[in-house]
Amino acid sequence: MLKILIADDHSIVRKGLKHLCKSAGDMVVAGEAANGEEVLEALRHAHFDLLLLDLTMPGLGGVELVEKIRAQHASLPILIFSMRSEMQVAKRMAALGVGGYITKGGSDEMLLAAIRKVAAGGISVDPLIAEQMVFEQAKRRSSMPGNRLSQRELQILKLLGQGKSVNEIADELLLNSRTVSTYKARLMQKMNFKNNAELVLYASESGLI
């Protein structure tokens, strides 16, 4: 039976969570807190398998509260249950070691699944926030300088990054060495490389070699 500590400043929310956990059959609300100070007090006097935490309680809360909990109870699984759906908030919590972030607009089934997963040491992120993260990653990839290169320029960049000369690349790709030199000059200009060392460093850091 999972012992849950719920922390939310709204009593009606706590009552709803207690009923939901009881109906799940494999978990029980073993403690309640209406503010950050009560969370810390409860953790000092009892063991819990998971803390279900609202971020916007009065007084001590948010990042400061999570930092204090982490300092005193480093291994305690924490699942954020919040009205806030900003990706940056979720990422900040993840950086502090929080195992999951679920918004209050989700379903009961989603919350119960997240509780079980985080209590078992897994990670659970609300689908709305996960979509934001995927979009941000795709946007970042599309804005990378290397995406301005043509396929042939990217191919030649990769070979140059491997230390091959213009003549060696020309032989491998069955091109004229002058053509390869033109491609090289073009990609150097597009990528704003000042020398071959910068080219090789970029190829290495971007995973081309």
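As the structure is a prediction and not an experimental result, all values here were calculated from the model. (Residues numbered from 1 in each chain as written. Predicted model: local features only at pLDDT ≥ 70, side-chain atom pairs only at ≥ 80, totals over all residues. Heavy atoms only, no water.)

1. Here's the deal with the overall build of the protein chain
Each helix and strand counted, the protein chain has 10 helices and six strands in total. For 209 residues, the compact-globule estimate of 2.2 N^0.38 gives 17 Å, and the protein chain exceeds it by more than 25% at 26 Å. Its C-alpha atoms give the protein chain principal-axis dimensions of roughly 75 × 30 × 25 Å. In the protein chain, which comprises 209 residues, the share counted as buried stands at 39%. Expressed as a percentage of contacts within the protein chain between residues at least 6 apart in sequence, the contacts between residues at least 24 apart total 62%. Surface accessibility of the protein chain: about 11,500 Å² in total, with carbon and sulfur atoms responsible for 53%. Averaging the locations of the 26 positively and 23 negatively charged side chains of the protein chain gives two centres separated by 7 Å. (Helix = DSSP H or I, 4+ residues; strand = E, 2+ residues; numbered from the N terminus. Rg over C-alpha atoms; globule rule 2.2 N^0.38 Å. Buried < 20%, exposed > 50% of the residue type's maximum accessible area, 1.4 Å probe, protein only. Contact = heavy atoms within 4.5 Å. Areas by Shrake-Rupley, 256 points an atom, 1.4 Å probe, with all protein chains shown as cover. Lys, Arg positive; Asp, Glu negative; His and termini not counted. Charge placed at Lys NZ, Arg CZ, Asp CG, Glu CD.)

2. Looking at the confidence of the model for the protein chain
In the predicted model, the protein chain carries a mean pLDDT of 88, and the fraction of residues at 70 or more is 93%. Averaged over each element, pLDDT in the protein chain is lowest for helix α6 (residues 127–142) (66) and highest for strand β3 (residues 50–53) (98). (pLDDT = per-residue confidence, 0-100.)

3. Topic: the pattern of salt bridges
As enumerated under the stated definition, the model contains 10 salt bridges in all. The partner of E172 in a salt bridge is K164, and the shortest N-O contact between them spans 2.6 Å. Residue classification places E172 among the partly exposed residues on the basis of a relative accessible area of 43%. For K164, a relative accessible area of 28% puts it in the partly exposed group. Taken together, the shared-partner salt bridges connect D8, D54 and K104 into one network. (Salt bridge = Lys/Arg side-chain N within 4 Å of Asp/Glu carboxyl O.)

4. A closer look at the environment of A46
Secondary-structure assignment places A46 in the loop between α2 (36–45) and β3. A C-alpha to C-alpha distance of 20 Å links A46 and V98, two positions 52 residues apart in sequence.

5. Concerning the environment of L174
Position of L174 relative to the elements: it lies in the loop between α8 (166–173) and α9 (177–191). Residues L174 and I4, 170 residues apart in the sequence, show an inter-C-alpha distance of 67 Å.

6. Some details on the pairing of β3
Residues of β3 alternate between two faces, with L50 and L52 on one and L51 and L53 on the opposite face, all of them buried. Bridge analysis of strand β1 (residues 2–7) against β3 gives four bridges, and the strand direction is parallel. Each residue of the ladder has a partner; that of I6, found in β3, is L52. As judged from the three bridges shared by β3 and strand β4 (residues 78–82), these two strands associate in the parallel manner. By the bridge assignment, L51 is partnered in β4 with I78. Regarding topology, helix α3 (residues 62–72) serves as the crossover connection from β3 to the parallel β4, and that connection is right-handed. (Pairing = 2+ DSSP bridges. Right-handed = clockwise from strand over helix to strand, strands pointing away.)

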